[in-house]
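Architecture and fold: a report
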Amino acid sequence: MELVTTLGELGLLDHPLPLTISAPTGAGKTHLALMMARRVAERGERAIYLTPLRAQAQELFDRVAPLTPGTGLLVGGTPWNAALRNARLLIATYEALIPRFAFYRTNIEWIASIGMVIIDEIHLLESPHRGGALEQLISWIRRVAPAIKLITLSGTLGRDPELLSFLGTGYVHTDTRPVPLTLRTVRYESAQKEQKLL
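In short, a report on the structure. (Residues numbered from 1 in each chain as written. Predicted model: local features only at pLDDT ≥ 70, side-chain atom pairs only at ≥ 80, totals over all residues. Heavy atoms only, no water.)

A word on helix H5 (residues 94–102). When we look at burial in H5, the residues that qualify are Tyr94, Ala96, Leu97, Ile98, Arg100 and Phe101. Residues of H5 that are buried make contact with strand S2 (46–51), strand S3 (71–74), strand S4 (89–93), helix H6 (104–112), strand S5 (114–119) and helix H7 (131–144). (Buried < 20%, exposed > 50% of the residue type's maximum accessible area, 1.4 Å probe, protein only. Helix = DSSP H or I, 4+ residues; strand = E, 2+ residues; numbered from the N terminus. Contact = heavy atoms within 4.5 Å.)

Because side chains alternate across strand S1 (residues 19–22), one face comprises the buried residues Leu19 and Ile21, and the other comprises Thr20 and Ser22, equally buried. Alignment of S1 against strand S6 (residues 149–154), held across four bridges, turns out to be parallel. Note that in S6 the partner of Ser22 across the bridge is Ser154. Two elements, S1 and strand S7 (residues 170–173), share four bridges in a ladder whose sense is parallel. Within S7, the residue paired with Leu19 across the bridge is Gly170. (Pairing = 2+ DSSP bridges.)

Looking along a regular strand, one sees the side chains alternate between the two faces of the sheet. Most of S2 sits inside the fold, with six of its six residues counted as buried. Side chains of S2 alternate between two faces, with Arg46, Ile48 and Leu50 and Ala47, Tyr49 and Thr51 buried alike. Here S2 pairs with S5 via five bridges, running parallel. Residue Ala47 lies in a different strand from S5, and its bridge partner there is Met116. As paired strands, S2 and S4 are joined by five bridges and run parallel to one another. Residue Leu50 lies in a different strand from S4, and its bridge partner there is Ala92.

What follows is the structure in structure tokens.
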């Protein structure tokens, strides 16, 4: 994977800097971010991987938890408990993490143990529906724990100096798409033939 090779050569896998990574779907952003998160956890710090949707968080948790002991899942409605507080890698939704930072005085030891926060789908910062919550969370992280390394991921984000300044990150971009996209049209003559295609 081009991204892994490039960041490895720069030494950013072992010693990550705050980064915004923009690459097409299938280019290895999630794999790369999880590699970085595991290395942070191996050093005794916590890593948090944020996704916008419960289903994405659950899917990632189901894939990662069997391979990474000490992985927790925090989504809306999940009670904050000792297992989540002790998770070395916490997979969560944006909104589920906000209270941990908003009530930072009661979570200060836990927050101090976080080495990295990964935010997937950072381009949603511009969304009228999700952008406010994401901006609030980033502001809390930057205010309460500015030493946390922020890694943001997007398949569609361009180099926006104003956004990068707000995030406090560098920028890595690739156009390489290892999984080619194909488009085809399937025609059918009747609804019954459509059922066979599906």
